[in-house]
Amino acid sequence: MIELEIKEVFGKIRPHPVVFVITVDGRGSPTGMACGWHMKTNLNPPLYTIALKTGSHTEELIKKSQEFVIAFPSKLLEEELVYFGTRSGREFDKFKETKIKTRKSKNLQSPLLEEATINLECFLYKTITAADHTIIIGRVVAAHHKPGQKLLFTLGRKDKERYFKEL
Ligand SMILES: Cc1cc2nc3c(=O)[nH]c(=O)nc-3n(C[C@H](O)[C@H](O)[C@H](O)COP(=O)(O)O)c2cc1C
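What counts, and where the lines are drawn
- Going along each chain's sequence as written, the residues are numbered from 1 onward.
- Predicted model: local features are reported for residues with pLDDT of at least 70 only, side-chain atom pairs are reported and counted for 80 or more only, and whole-chain, interface and lining totals are derived from all residues.
- We call a residue near a molecule or strand if the C-beta atom, set from the backbone, is within 6 Å of it.
- Counting from the N terminus, the helices are the DSSP runs of H or I reaching at least four residues and the strands are the DSSP runs of E reaching at least two.
- Gly counts as polar in this scheme, as do all residues outside two lists: the nonpolar Ala, Val, Leu, Ile, Met, Phe, Trp, Tyr, Cys and Pro, and the charged Asp, Glu, Lys and Arg.
- For two strands to be treated as a pair, DSSP must find no fewer than two bridges joining them.
- Partly exposed residues are those falling between the two cut-offs: more than 12 but fewer than 20 other C-beta atoms within 10 Å of their own, whereas 20 or more means buried and 12 or fewer means exposed, with C-beta atoms placed from the backbone.
- We call two residues in contact if the C-beta atoms placed from their backbones are at most 7 Å apart.
- The predictor attaches a confidence to each residue, and that confidence, scored 0 to 100, is pLDDT.
- Lines fitted to the C-alpha atoms define the axes, with helices restricted to the stretch that makes contact. Angles between their N-to-C directions range from 0 to 180 degrees.

## Thoughts on the site of the ligand
The local shell around the ligand holds 20 residues, among which Trp37, Thr58, Gly85, Ser88 and Gly89 are the closest. Elements with a contribution of two residues or more to the shell around the ligand: β3 (30-35), β5 (46-53), α2 (57-65) and α3 (78-86). A per-element tally of the shell around the ligand places β3 first, with 4 residues. Across the shell around the ligand, the residue classes break down as 8 nonpolar, 10 polar and 2 charged.

## A look at the sheet that holds strand β11 (residues 152-158)
The strand order across the open sheet formed by 3 strands is β1-β11-β12, and the pairing between neighbours is antiparallel. Each edge of the open sheet is held by one strand with a lone partner, namely β1 (16-17) and β12 (161-166). Bridging between β1 and β11 involves 2 bridges; their strand directions are antiparallel. Counted as the bridge partner of histidine 16 is threonine 154 from β11.

## Side note on the environment of tyrosine 48
Tracing the backbone through its elements, the reader meets tyrosine 48 in strand β5. A tally of 21 C-beta atoms within 10 Å means that tyrosine 48 is categorised as buried. Setting aside anything within four residues of it in sequence, one finds tyrosine 48 in contact with His38, Lys40, Thr41, Ile70, Leu120, Cys122, Gly138 and Val140.

## A look at the confidence of the model for the protein
Scored by pLDDT, the protein has a mean of 97; 100% of the residues are at 70 or more. Within the protein, the lowest mean pLDDT, 92, falls on β11, and the highest, 99, falls on strand β6 (residues 67-72).

## Quick word on unusual backbone geometry
Cis rather than trans, the peptide bond between arginine 14 and proline 15 has omega equal to 5°. The amide bond that connects asparagine 44 to the next residue, proline 45, takes the cis arrangement and shows omega of 10°. Relative to the helices and strands, proline 45 resides in the loop between β4 (38-43) and β5. Phi is positive for glutamine 66, close to 65°, though the residue is something other than glycine.

## Quick word on the sheet that holds strand β10 (residues 133-145)
Read across the open sheet, the 7 strands follow the order β3-β2-β6-β9-β10-β5-β4; overall the sheet is antiparallel. Looking at strand neighbours, the two that pair on one side only are β3 and β4, the edges of this open sheet. Adjacent strand axes in the sheet meet at a mean angle of 35°, parallel and antiparallel pairs treated alike. Where strand β2 (residues 19-24) meets β6, 3 bridges bridge the pair, whose relative direction is antiparallel. For valine 21, the partnering residue across the bridge sits in β6 and is isoleucine 70. Across the sheet, α3 is in contact with β2 and β3; its angle to β3 comes to roughly 100°.

This is how it looks when you write it as structure tokens:
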């Protein structure tokens, strides 16, 4: 066992699934981001938690709209995931640019991602400030799954390139 930089050891905690976090702006237009820091949090009631950089476009809009979708992609959406994770919705209409397919959700204004393996519909349950991130806990009000389709996991970055694996 050797002691390393904390950041380096954090990077070794993988693979873990990566998701899209989708919400809507004041006009009801969808936007969102890629998120690797998330977890199941409670079953009764069902809660799911994400950690978003405070002040990011998606984080600000979730606080306003009080709702979001967590969409777990397969390899089918790898390119779109990187696009959503490397541009801000303040400058780009990510849904228009990627032509990503959506489907109406059951309870929210935010859409589901048609090609995702899992979509969770969440209402904002609670936020907690943790240094420069906001811990956002969502109350899951509906869950959708595509049988036979896998999930996309991140293997981290090498020479600035991002690596993913479907499991
Ligand atoms: C694979 C991947 C995982 C990411 N995970 C997170 C995360 O867990 N939390 C976060 O705040 N940003 C994360 N990001 C960065 C955001 O997705 C990125 O800053 C995005 O441009 C924010 O978009 P917005 O400004 O439209 O909200 C991740 C990016 C990638 C590519």
